[in-house]
Amino acid sequence: MQVLEIKQITIPYDKELLLKWKKRDPSIVPSFMLAWKGPSISNGYGFGEWMTDRYFRDKGFYTITNEFNLLSKTSKFKRYNDIISLMANRQKLQEFKDAVRLLEETDFSIENLDMFVYNLETFFFVEVKKEKDVLREPQMRFMYLANSILEIDTKLIYLSDSDEMESQKMIKVELELPKDLEKINR
């Protein structure tokens, strides 16, 4: 088992905003989401990412939300992968991809995170959770590899309808990795 330390940022939101989202209110749901044919907006799909996107944009960042894929050999998101590749060290990116292959070969699943956030000074990956959502092992593995190999920070955004103020704390999670990857330390 490996221990991963992650910064968790809790962002409060108003329940009424989520209800508007679920009702497909065009005043808050982006038009491309209204045309979405995937998982339903009525169950809140996309709300967390939308809120997090707004949060970081208000702080002067750009975001790539669900439109990158560093795990596949060929990706329909090449131009967004290229943006990330410009910021990451090429050798480290290849090491990351080699580690992903090792995970896949040893039946350890791994998932891309929800967002890549950047500006001229910094960049990091973000996973978004709300209410009772929990961070899954495949997401933790991506975080671990991003931190330890790419040397790119990762953050967990937790959206809360019961908190009144934004807060930040460091959390520790345990994850299982193949023995060959456990020797990688940040």
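It should be noted that the structure appears before, not after, this text.
Presented here is a report on the structure given in the accompanying data block.

Thresholds, definitions, all that
- Residues numbered from 1 in each chain as written.
- Predicted model: local features only at pLDDT ≥ 70, side-chain atom pairs only at ≥ 80, totals over all residues.
- Heavy atoms only, no water.
- Salt bridge = Lys/Arg side-chain N within 4 Å of Asp/Glu carboxyl O.
- Helix = DSSP H or I, 4+ residues; strand = E, 2+ residues; numbered from the N terminus.
- Buried < 20%, exposed > 50% of the residue type's maximum accessible area, 1.4 Å probe, protein only.
- Pairing = 2+ DSSP bridges.
- Axes fitted to C-alpha atoms, helices over the stretch in contact; angles between N-to-C directions.

### Observations regarding the pattern of salt bridges
- Summed over all chains, the structure comprises eight salt bridges.
- A salt bridge links Arg101 to Asp98; its shortest N-O distance comes to 2.3 Å. Of the two residues, Arg101 and Asp98 both sit in helix α5 (residues 90-105), three residues apart, roughly one turn of that helix.
- Judged by its relative accessible area of 30%, Arg101 falls in the partly exposed class.

### Re the sheet that holds strand β3 (residues 115-118)
- Strands sit in the order β2-β3-β4-β5-β1-β6 across an open sheet of six strands; the sheet is mixed. The sheet is open, and its two borders are formed by β2 (62-65) and β6 (167-175), each paired with just one other strand. Direction aside, neighbouring strands of the sheet carry axes that sit 30° apart on average.
- Of the pairings in the sheet, the one linking β2 to β3 comprises four bridges and is antiparallel in character. By the bridge assignment, Thr63 is partnered in β3 with Val117.

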